[in-house]
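# Coordinate analysis (summary)
Single-letter residue listing:
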Amino acid sequence: MSEANGKSKHLLYDNGGQAVRDQPWIFRTYAGHSNARESNKLYRSNLDKGQTGLSIAFDLPTQCGYSSDHAIARPEIGKVGVPINSLDDFHTLFEGIPIEKMNTSMTINATSMWLLALYVALARERGENAALLQGTTQNDIIKEYLARGTYIFPPEASLRMIAEMYEYSLGNIPKWNASNICSYHLQEAGATPAQELAFALANAIGILDLIRQRGQIQGEDFEKVVGRISFFVNAGIRFVEEMCKMRAFTELWEEITRDRYGVKNPRYRIFRYGVQVNSLGLTESQPENNAWRILIEALGVSLSRKARCRALQLPAWNEALSLPRPWDQQWSLRLQQILAYETDLLEYPDIFDGSVVIESKVGALKEEARKEIDRILGMGGVRSAVESGYMKSALVRSMSERVSRINSGDQIVVGLNRWTEALPSPLLGGDDGGVFKIDPAAARETLEALQKLKTQRDGSKVEKALQRLREAARSGQNMMEPSIECALARVTTGEWAGALREVFGEYRPATGIEGQKLMLEDQRVQDLRKRVDDYAARNGRRPRIVVGKPGLDGHSNGAEVIAVSARHTGFDVIYSGIRLTPEEIVQSAVEENADIIGVSILSGSHLELADQLMERLRRSGAEIPVVFGGIIPPPDFDALRQRGVQAIFTPRDYSLMDIMEKIMTLIEERQAARR
């Protein structure tokens, strides 16, 4: 159908009246592993294949502010991302990559200021104009407290660092998004669409309110800061609802920026967002089905032109098994390219405008989100809602409800709780079994480079730079330029974070498991509770489990669900949150007279941490059974059993009652053996 001006309503036109296609979004793959040299090779390969931006994954020591040679860092070097110890590593990581032209996203939070300082220092040493740098540091500390766990400093200090990065970037690197409000991990932690909307927008309000209160950016410059706020969202399998969620995001952000902050320039009110589609719903069972899940989830953030993502990165089909191999990443990249270039997706105006169904669903999501935002603001804002434990408890409750629905069959997951019989997957064939493994030599190379750096650098220059950083932290001066000075002096990641730990201290947020329960009340639950009660009658106390998260892995959903399940069935539960050493876990188990230790690990360091934990347990003289859960490849099962681990649970073991019954059996067998 044509309008009076002769233009068709189903076409897009440029300013000259010519029919056009939209430009595709930025294609990224979330990548980084082993060491800086290997990751550079991967990035250059991915760019040669048509990737148009970089999304850097850092290893856990870098994320948590430890150099690779720290004792807690060694099992984790290069496991879930690239280790970065100094500016020398950044020179290697970006060798041959034109950073002045590249759009670079860094998934980094507590140490964001440090990684941005390294990037600016890299530009200076290369002789590039740092003002041309463009990209994003994720830098969303709120979601780290709630869902991902790579926080270091208390909320006040962390939020100050975010605000200082905005203030520095405005005048020095104006195309840089100093932070990226990240609702992705909230959905991974169980958030409903309304919670994802509300928590993310309340988070953005908290950042902007703080910047406004600091008073250093005003008027049109403040509008520019509002325009630099970007988001990183999740897209789940319910792709119609997810598309509506994205439209709700754009409409609510327009309201907030216009009404709360008085932003007049429409350009600065645009909701800008990147996406990684859902990983939580990817299954270890029949993993080939994950390819279809990823495609469907990509539709949720690309179908609606008004709410289309600016950048997209897709997980690989085998993410529930291990880190992706280069081929797996290439397959995900090709999916994006087919969607953008082979289909007619980018030829049309918004195809959902005028739909009463979509309008109604968007309206319902907005209404629910507004109520939640008002509730958080009524508590004093997002910082108060974190410190009180309100937001964490809400997510643990949502996750417990989700897992309960899957356990009861109310939520169908193909290959997991329905249609579980299947032919063997050819994708799991081959010498590597379809999973990626880190070469131990890569960690040795990182440690040798770090040792060489410490030997060759100017120690007095290092200490002078660190002292200036401490002084800035104590005085309230912006810490960006002192951090860049540290980078140029070859300060290491651990030294930078250590100096700030001295000033700010470290933080441990609420675990969120208090008062939570499952939605399961069937006969199996009753039978297990009776076994627990019988044990209590025989022993004068309930069976006691220590749930531990050793090392630097902060993904705590599995540990929290097991802790809630154990309480739901009558256990005494000791759970102290994330980032414990094996010594602390064993000490807790001995002091609490625990009947079993349950360990959760998703970082790939299960063998190294099992060595440490079992050695500490032997030294203690306590005979306490240990079970492991997490992302653990089946080829490693025998190695864990040889170390003394008595049961291993992976995402394939979705039945909470199966897990709790096996744990109870181990406790009963231990008791029988001691009689």
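I will try to describe carefully the structure that is included in this document. (Residues numbered from 1 in each chain as written. Predicted model: local features only at pLDDT ≥ 70, side-chain atom pairs only at ≥ 80, totals over all residues. Heavy atoms only, no water.)

## Considering the environment of F637
What counts here: Each helix is a run of H or I in the DSSP string that is no shorter than four residues. Each strand is a run of E no shorter than two, and both are numbered from the N terminus. Using a 1.4 Å probe on the protein chains alone, a residue whose accessible area is under 20% of its type maximum counts as buried, one over 50% counts as exposed, and one in between counts as partly exposed. Note on contacts: a residue pair qualifies if any of its non-hydrogen atoms lie within 4.5 Å across the two residues.
Its location among the elements puts F637 in helix α24 (residues 637-642). Judged by its relative accessible area of 18%, F637 is buried. Linking F637 and I648, residues 11 residues apart in sequence, is a C-alpha distance of 7.2 Å. Apart from the residues within four sequence positions on either side, F637 is in contact with I632, I648 and T650.

## Some points on the state of the cysteines
Selection rule: Note on terminology: disulfide denotes any pair of cysteine sulfur atoms within 2.5 Å.
All chains considered together, the criterion is met by zero disulfides. C309 takes part in no disulfide bond, and the closest cysteine sulfur, belonging to C182, lies 14 Å away. With no disulfide of its own, C486 lies closest to C64 among cysteine sulfurs, the gap being 20 Å. Taking the relative accessible area as the measure of exposure, C486 reaches 0% and is therefore buried.

## Brief notes about the side chain of K245
Threshold: Side-chain atoms alone can form a polar contact between residues adjacent in sequence; in general such a contact is a pair of N or O atoms within 3.5 Å, and within protein one must be able to donate a hydrogen while the other accepts it.
Relative to the helices and strands, K245 is located in helix α10 (residues 239-260). Its relative accessible area of 0% is what places K245 among the buried residues. A distance of 2.6 Å separates a polar atom in the side chain of K245 from a polar atom in the side chain of E242. Among all residues touching K245, those that are not within four sequence positions of it are Q187, P193, E196, L197, N234 and L365.

## Quick word on the side chain of S605
Here S605 is to be found in the loop between β15 (596-601) and α23 (606-620). For S605, a relative accessible area of 0% corresponds to the buried category. A polar contact of 3.5 Å, which involves the side chain of S605, links it to the side chain of K79.

## Concerning the nonpolar core
How we decide: We define the nonpolar core as a collection of buried residues of types Ala, Val, Leu, Ile, Met, Phe, Trp, Tyr and Cys that are connected through side-chain atoms lying within 4.5 Å of one another.
In terms of nonpolar packing, the biggest core is built from 171 residues, with F90, F231, W253 and F571 touching the most fellow members. With sequence-adjacent residues up to four places away left out, F571 is seen in contact with V532, P543, I545, A566, M660, I663, M664 and I667. Within the second largest apolar cluster, 23 residues are counted, among which are I601, L613, I624 and L640.

## Details of the pairing of strand β13 (residues 544-548)
Quick reminder of the rule: One bridge is not enough; two strands pair if DSSP finds at least two bridges between them. A crossover counts as right-handed when, viewed with the strands pointing away from the observer, the path leading from the first strand over the helix to the second turns clockwise.
Burial runs high along β13: five of the five residues are buried. The alternating pattern of β13 places R544, V546 and G548 and I545 and V547 on opposite faces, both of which are buried. Pairing analysis gives four bridges linking β13 to strand β14 (residues 572-575), with the strands arranged parallel. Note on β14: the bridge partner recorded for V547 is Y575. Tracing the backbone out of β13, into helix α21 (residues 557-568) and back to the parallel element β14 gives a crossover that is right-handed. Where β13 and β15 come together, four bridges link them in parallel fashion. Residue G548 lies in a different strand from β15, and its bridge partner there is V599.

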